[in-house]
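Here are the chains, one letter per residue:
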Amino acid sequence: MLICCAQKLCGTNYPVSIAFIVVNEFCERFSYYGMKAVLTLYFIHYLNWDKDLSTAVYHAFSSLCYFTPLLGALIADSWLGKFKTIIYLSIVYVIGHVVKSVGAIPDVGDSTLHIALSMVGLVLIAFGTGGIKPCVAAFGGDQFDEENTEERTKFFSIFYMSINAGSVLSTIVTPILRGDVKCFGGDCYALAFGVPAALMVIALVVFISGSGLYKKSPPEGNVLVRVCKCIGFAIQNRWRNSKKSPKKSHWLDWAEEKYPKRLIQEIKMVFRVLVLYIPLPMFWALFDQQVQGYIQLISFVFTDTQIVMLNALLILVFIPIFDMGIYPLIGLCRIKLTPLRKMAVGMILAAIAFCAATVVEINVIKTVVEPSPAKESLVQVYNLMDSDVTVQFPGHTVFSDPLKPNEVTSPQKNMSAFHCIHTLHVNDHITKSETGAAYLRFINTHTENINITVGTDEFYAAANYGISQNISVPRGEYNGVVCETNSNQYHIDLGLLDFGAFYTVILSKVGDRVQFLMEDIQANNIHITWQIPQYVFLTAGEVMFSITGLEFSYSQAPASMKSVLQAGWLMTVAFGNVIVLIVAEGAGMEQWAEFLLFAGLLVAVSIIFSIMAYFYTYVDPDQLDKTFREDTDDEKVKSSDSKKKETVSLTDMPKQTKM
């Protein structure tokens, strides 16, 4: 039985029911990404795990969320149907959030109980979010009539927009709840996890509210068992009769003796799509590596959370641009842009993004001080005397000219390790800050100890050429910095401390200015706008690849296996995450070389995919339904005719004596 409703949105061909589905997806994605936004910080600062363990558990959880869709799809298509599956697994989802939030309350048990509740909550969340993931998208596609394929295609774009809208809002709100709101004497992780739990409850309520408007396709029975038995019988039958019987056009045709042609044809459809998906995990692995590389590349300006939010914002902007601008213009040029062609172009755009990132990275590393090779040192000399100083090392000519008073050399390498006599030997910090902050230190030439306050950071430099610690400070103008000794207090102006630089301040005289401010490591001189091209190409590639793949998986799946094929699409992401976990450390290549290598690999994957796509034949599952419905009707007509003939022949037969 198929329950349907013909209500439309504002005179369009969009069913009213999809409004409930889109709002449900927005709330669910807010819930999921909001929880993930503070998950690593929760592991490190609340559970007191180290960074490596926290990262490993985080990635394991993300991978599990993309493997569980297969379970949800099988439950939906074989047992409960999509509607009930979404409701029941959403309840599991809510319970997982509640357990996770309770585990973040310090007064509940000890650290062991907190860890146990957190892990149980994450497992329940993984089964909840993964289980409903393929069902919601497929259920939304089911709401459209057969003739409204264009509206259904646009629905998947709207659906993807709701995902990213939820992501953007949650990555803004949840970190604020954690950091700015205090509870139980510290950061309020219980509230940061509790709000996503409340949003998941809202998502469930909204979805149930539209119950009377949905088209609800009943499950088709145990699809997985029937498919496995059909495949097994085909292989077994082919093995037994391959030499005796004539060849079949397809190896699955060997199952025709026992299984209906419709089932065989549906399995063929699914297999053709799944074979097409074989190279896609490599794309997702490279895509994930690309995003991580970009985070390292542009974290001098943005935080990781802001970078993810930037990507989601660009997707929200690009989806309507592509749907209402670029795709129609391409159509006017009489270029047939099929779904598989869109996906191939998306891969190429992602490869171009890698190339753009390579150019930026090459320019960024020009301001980076390269570490010295093994058994060698980098040497930098400050001359704080009032006269010229000649520095010589036996067997080396790195400092050929005398150093003027208050002159500093640039770091010199290819110098064997040495011992300094009658000098102050200090280990420098030559690595740029990962957060984009500036490193700062002070050298005190006075005879009194000095305490310096820079913003919210405190520095201490001992008397007689004492050197303070290297402390990172946010980029900004620092004027009126307070310097305090036992007998005096004065202010100095440091000026702009720029992104990624390392500054040494020499305090040589008491006054209203710094006597010497030296930039030991150059500031990042690449403007942030150079990041725009790579993010434009990256986001455009994601829009063309990911949204199209979502819609393609639905349109090419038979009615009985819509959720299964959606799960197959999500599994390509899961295997991509596994590849990233396996090769996370890579071969130790430089970042720009990795970007270039990834660009080449993406081009290779896109070529392989394009060749496979060239031989793919698009199918219309609705046409398949009509074909087999007509065949069934013809068989019924033939059956009724044969029954009539049998009746006539029986009446013509002579009567027989009953013994």
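All chains use their own residue numbering, which begins from 1 and follows the written sequence. It should be noted that, the model being predicted, local features are given only for residues of pLDDT at least 70 and side-chain atom pairs only at 80 or more, the latter also being counted only at that level, while totals for whole chains, interfaces and linings use all residues. Only hydrogens and water are set aside; all other atoms, that is, all heavy atoms of the structure, feed into the side-chain values.

Enquirer: Is there a simple way to think about the packing of aromatic side chains in this case?
Expert: Each aromatic ring pair is summarised here by two numbers: the centre-to-centre distance and the angle between the ring planes. We call Phe, Tyr and Trp rings a pair once their centres come within 6.5 Å, taking the six-membered ring for Trp, and we label the pair stacked below 30 degrees between planes, edge-to-face above 60, and tilted otherwise. Tallied over the entire structure, the rule returns 38 aromatic pairs. The structure contains a cluster of three or more aromatic residues connected by ring pairs, namely Tyr14, Phe144, Phe155, Phe156, Phe159 and Tyr554. By definition here, charges over rings are those cases where NZ of Lys or CZ of Arg is within 6 Å of the ring centre and within 35 degrees of the ring normal. We note Lys133 situated over the ring of Tyr32; from NZ or CZ to the ring centre the distance is 5.6 Å.

Enquirer: So what exactly am I meant to see when it comes to empty space enclosed by the protein here?
Expert: A probe as big as a water molecule, rolled over the atoms, marks out the empty space that is left. Points on a 1 Å grid over protein atoms alone make up a cavity when a 1.4 Å probe fits among them but cannot get out, and a pocket when they form an open set with protein on both sides within 12 Å along at least five of seven lines; lining residues each have an atom within 4 Å of a point. Grid points are joined across faces, edges and corners, and a volume is the space filled by probe spheres set on the points. Inspection of every chain in the model, using the stated rule, returns one cavity of 30 Å³ or more. Roughly 30 Å³ of internal volume is contained in the largest cavity. Surrounding the largest cavity, Glu25, Glu28, Arg29, Thr129, Ile132, Lys133 and Val136 form its lining. To qualify as a helix, a DSSP run of H or I must reach at least 4 residues; to qualify as a strand, a run of E must reach at least 2; elements of each kind are numbered from the N terminus. Those elements that place two or more of their residues in the lining of the largest cavity are α1 (17–37) and α6 (111–142). The leading source of residues in the lining of the largest cavity is α6, at four residues. Put simply, Ala, Val, Leu, Ile, Met, Phe, Trp, Tyr, Cys and Pro go in the nonpolar bin, Asp, Glu, Lys and Arg in the charged bin, and everything else, Gly too, in the polar bin. Class assignment for the residues of the lining of the largest cavity results in two nonpolar, one polar and four charged.

Enquirer: Just checking my understanding: could you explain the side chain of Lys268 for this structure?
Expert: Mapped onto the fold, Lys268 is located in helix α10 (residues 261–276). Here the term buried applies to any residue with accessible area under 20% of the maximum for its type, exposed to any over 50%, and partly exposed to those in between, with areas from a 1.4 Å probe on protein chains only. Overall, Lys268 belongs to the buried group, its relative accessible area being 10%. The criterion used for residue contact is that any of the two residues' heavy atoms lie within 4.5 Å. Those residues in contact with Lys268, other than ones at most four positions away along the chain, are His250, Leu252 and Asp253.

Enquirer: Explain the confidence of the model for the protein to me, please; I cannot follow it from the model alone.
Expert: Interpretation of the predicted coordinates at a detailed level should be avoided for regions scoring low in pLDDT. Per-chain confidence: the protein averages 80 in pLDDT, with 81% of residues scoring 70 or above. Across the chain, each position has a pLDDT score giving the predictor's confidence in that residue, from 0 to 100. Considering each helix and strand of the protein separately, the mean pLDDT is smallest for strand β4 (residues 412–416), with a value of 44, and largest for helix α5 (residues 82–103), with 94. Segment residues 294–304: pLDDT under 50, and 38 contacts once partners within four positions in sequence are set aside and those in other chains are kept.

Enquirer: Looking at this structure, I do not really get the pairing of strand β12 (residues 489–492). What am I missing?
Expert: Consecutive residues of a regular strand have side chains that alternate between opposite faces of the sheet. Side-chain alternation along β12 places Tyr490 and Ile492 on a buried face and Gln489 and His491 on a face that remains uncovered. When DSSP locates at least two bridges between a pair of strands, those strands are taken to pair. Linking two consecutive strands that pair antiparallel, namely strand β11 (residues 481–484) and β12, is a turn of four residues.

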